[in-house]
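Chain residues, written in single-letter form:
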Amino acid sequence: MSEERRDVLTGTYFVIGDVAAAEGAIAAGCRFFAGYPITPSSELAEHMAVRLPEVGGVYIQMEDELGSMAALVGASYAGAKPMTATSGPGFSLMQENIGLAAMLEAPVVVVNVMRGGPSTGQPTKPGQQDVMQAKWGSHGDYEIIALAPSTVQECFDFTIEAFNYAEQYRTPVIVLMDEILGHTREKLVIPEPDQIRVVNRKRPKVPPEEYKPFEPEEDLVPPMAILGEGYRFYATGLTHNEQGFPRTDDPYEQEKLVRRLCDKIRRNKEKIVRVEEYMLEDADVAVIAFGSVARAAKAAVKLARKKGIRAGLLRLKTIWPFPEHIIERLAESVKSFVVAELNYGQIVREVERRVDYRRITFLPKFGEALHTPHEILEGIVRSVRGGKP
Amino acid sequence: MTTVVVEKLDVFKTHPLGKYLRRGMIPHIWCTGCGYGILMGEFLRAIDELGLDPDKIVIVSGIGCISRIPGYLNLDGLHVTHGRAIAVATGVKLANPDLHVVVFGGDGDLFAIGGNHFIHAARRNIEMTVICGNNFNYGMTGGQVAPTTPLQGRTTTSPYGNLENPFNLVYLAAAAGATYVARWTAIHVKWLRESIKKALMKKGFSFIEYISPCPEYYGRRNRMRDPLDWMRWFKEKSVIMNGIDPAKAELSMDRIVVGEFVDYERPGYVELLKQLERRVQESLKKRGIRTHARL
Ligand SMILES: Cc1ncc(C[n+]2csc(CCOP(=O)(O)OP(=O)(O)O)c2C)c(N)n1
Ligand code: SF4
Ligand SMILES: [Mg+2]
């Protein structure tokens, strides 16, 4: 056991998802947290408030989520790996500066422990209603990466992955949890530090005179200088050229910038997307689910198999960029789809973009609790009968 | 026949402050008679006279005419969202306390949309300098009413006269907890520069209100279209009253009280944070544990 390491607390624990995500962040090198308390994410912030001073990091409770997200952008540019945690109402306020982070290409991680909305909604109940907001929440064209853990262990693992993606692609990354996951106590194994893969942003390879803060390399990601290092760069939320200078009237620079901001993620989609394919090899019907719902969905698939129905599960571990290519491939081999989500139709819209809606059975649920395996099983049965009950 | 070769003057080299300007970003966008150039010049003279390492200065701004300042300076600069400069600057300062963090913002940017960040940063006494260019209106968007527009002041969105009482920014800053507070106008260049120097060296939240001519918009609708009208107003109506209660620091067409109003010490946020970190880590060591968290 590495008793010296306070950042990676190698060992086996029984903790809630919020705490696991916090430990994942610290293990990934996060040393800056700015947030504003909101159920069901407050335990994450509280854990960071205890832990960050132990590892030389900064915890600050800001005056609101506008300021929290803004502080993350500043900390990111000052060299930190910053994080915040929130839920629906706070996530709405963060959108302004999630857009800023996308434009300034600031690596930041936002955990959204989803509850029921709209507005203040159901603070203590789970939801998956912020799927589209995670992608489209701020104005303008940009792409984003969003991960969706299903277990407490994944809250830890995926938060590390979120930081790695943020650093690699210089983008905000969203971790979409839900209330059940945030508050469920499960086994968490924190590995030895050398078993944890940590990615750091690319740094400039040229002297300050030659440095252009938004000049991309082949992967479309520009190396990032840090404030105070002598690069004397300027970063603006206005449309800018590679030097970082405002080019607000230049259609060429606007197109070039927007295309690159989107393409650095679109073109790397196959490297970013993660899914779990469970019993899909011979499946006639594929259930698509993520987060806590995917656990009920897996149980439903097992029940269906017992009944002799060839069902399988496509569990989305990343939600954005959306795994269209995988859905397309699956559409060749399965006859029908069941989409189960804790909302009134968000993931299903993305599936419909690739699959005829008549092949899809949609199982919305409004969030006072999860779907039961039997509810999803019922959907599977309906789906193999061609939609008839 | 002799040919005289006139080399084009490279002001970035020949002007004493040229080294602080960013090539490719000049000329600036400000109108003739705008007060922001004077402020920028005095800021540069202040850092020059202090001998601060330019690599360790970070300028953060939101959106507005004044918020273009970091673009023109050959220093690290972030030009962020409207109103959020102080929150971004908070992140910068806490992530790297060795930096001098300076925020330039307009009266709208810092006290309307960003007012909440202002009062909380002052309350926390975060070690940063905030300089507000008060031009009594929203210059960038065409001269709309601001939280500093005088009662009955005419703007594009208060066409019949402003009904709202303006903030007294220095009083607000003092009440919120700023440890250095001053106000100057565009004619008080010498005092302004000395004030900026003090603010930059302050180990806490420092605030300077700079009354800035906006002949283009506020002036046009309030009989101060000529930049000189502003300078005459400042010259005739301002009085230096260092140390007076900022609540009594009047700012009206009849009287502009300028001066240093607040200057005292209390521990800054970064300092307290460092103490806390030391305390937490010592307790871990003493108790021989890896964490205080119950895992
Ligand atoms: C969220 C948001 N709302 C509105 C605007 C439009 N806007 C840009 S600058 C500005 C006001 C600027 O006034 P001030 O801060 O006083 O600066 P000045 O231009 O007077 O120097 C406004 C309302 C914006 N950019 N963002
Ligand atoms: S609009 Fe007013 S504040 Fe803006 S540049 Fe012109 S004079 Fe200056
Ligand atoms: Mg203004």
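Report on the accompanying structure. Throughout this description, residue numbers start from 1 for each chain and increase along the sequence as written. Chain A is the first chain written and ligand 1 is the first ligand written, with later ones labelled in order. The predicted origin of the model limits local features to residues at a pLDDT of at least 70 and limits the giving and counting of side-chain atom pairs to 80 or more, whereas totals for whole chains, interfaces and linings rest on all residues. To obtain the side-chain values, all non-hydrogen atoms of the structure were included, while hydrogens and water were left out.

With that settled, the discussion passes to helix α2 (residues 42-51) of chain A. When we look at burial in α2 of chain A, the residues that qualify are Ser 42, Leu 44, Ala 45, His 47, Met 48 and Arg 51 of chain A. Residues of α2 of chain A that are buried make contact with α1 (17-27), β2 (32-35), β3 (58-61), β4 (82-86) and β5 (108-116) of chain A. For every residue, the accessible area obtained with a 1.4 Å probe (protein chains only) is divided by the maximum for its type, and the residue is called buried under 20%, exposed over 50%, and partly exposed between those limits. Note on conventions: DSSP H or I runs of at least 4 residues are helices, E runs of at least 2 residues are strands, and numbering of each starts at the N terminus. In this description, contact between two residues means that some pair of their heavy atoms is separated by no more than 4.5 Å.

Bringing the interface of chain B and chain A into the picture now. Each side of the interface is counted separately: chain B has 48 residues, and chain A has 56 residues. Accessible-area loss on putting two parts together, using a 1.4 Å probe and summing over both, is the definition of buried area adopted here. When the two sides are added together, the surface that chain B and chain A hide from each other amounts to roughly 4,100 Å², 60% of it contributed by carbon and sulfur. Broken down residue by residue, the surface that chain B buries against chain A is led by His 79, Arg 290 and Leu 295 of chain B, which jointly contribute 20%. Salt bridge, as applied in this entry: a Lys or Arg side-chain nitrogen positioned within 4 Å of an Asp or Glu carboxyl oxygen. If you look at where chain B meets chain A, you find three salt bridges. Close ionic contact of Arg 124 of chain B with Glu 63 of chain A constitutes a salt bridge, the shortest N to O distance being 2.7 Å. Within 3.5 Å is the distance limit for a polar contact, defined as a pair of N or O atoms, with the added protein rule that one can donate a hydrogen and the other accept it, and that residues adjacent in sequence qualify only through two side-chain atoms. Connecting chain B to chain A are 25 residue pairs in polar contact (both at pLDDT 80 or more).

Let us look at empty space enclosed by the protein. Residue and element names in this part refer to chain A. Lining residues are those with an atom within 4 Å of a point, where the points come from a 1 Å grid over the protein atoms alone and group into cavities, where a 1.4 Å probe fits but cannot get out, or pockets, open sets with protein on both sides within 12 Å along at least five of seven lines. Grid points are joined across faces, edges and corners, and a volume is the space filled by probe spheres set on the points. Enumeration over the complete set of coordinates arrives at one cavity of 30 Å³ or more. Along its surface, the largest cavity is lined by Ala 102, Tyr 142, Glu 143, Arg 170, Thr 171, Pro 172, Leu 261 and Lys 264. Classification used: nonpolar for Ala, Val, Leu, Ile, Met, Phe, Trp, Tyr, Cys and Pro, charged for Asp, Glu, Lys and Arg, polar for all others including Gly. Residues that form the lining of the largest cavity fall into these classes: four nonpolar, one polar and three charged.

What follows concerns the site of ligand 2. Residue and element names in this part refer to chain B. Here a residue counts as near a molecule or strand whenever at least one of its heavy atoms sits within 4 Å of it. Around ligand 2, the structure places Trp 30, Cys 31, Cys 34, Tyr 36, Cys 65, Asn 135, Gly 139, Cys 214, Pro 215, Glu 216 and Tyr 217. For the shell around ligand 2, the element with the most residues is helix α9 (residues 215-221), which contributes three residues. Partitioning the shell around ligand 2 into residue classes produces eight nonpolar, two polar and one charged.

Once that is clear, we can look at the sheet that holds strand β12 (residues 285-289) of chain A. Residues and elements named next belong to chain A. Judged by pairing direction, the sheet is mixed, and its five strands sit side by side in the order β11-β13-β12-β15-β16 without closing on themselves. In this open sheet, the two edge strands, each paired with only one partner strand, are β11 (275-278) and β16 (360-364). The mean angle between the axes of side-by-side strands here comes to 15°, regardless of whether they run parallel or antiparallel. If DSSP finds at least two bridges between two strands, the strands pair. In this description, a line fitted to the C-alpha atoms serves as the axis of each element, helices being fitted only across the stretch in contact, and the angle between N-to-C directions of two axes falls anywhere from 0 to 180 degrees.

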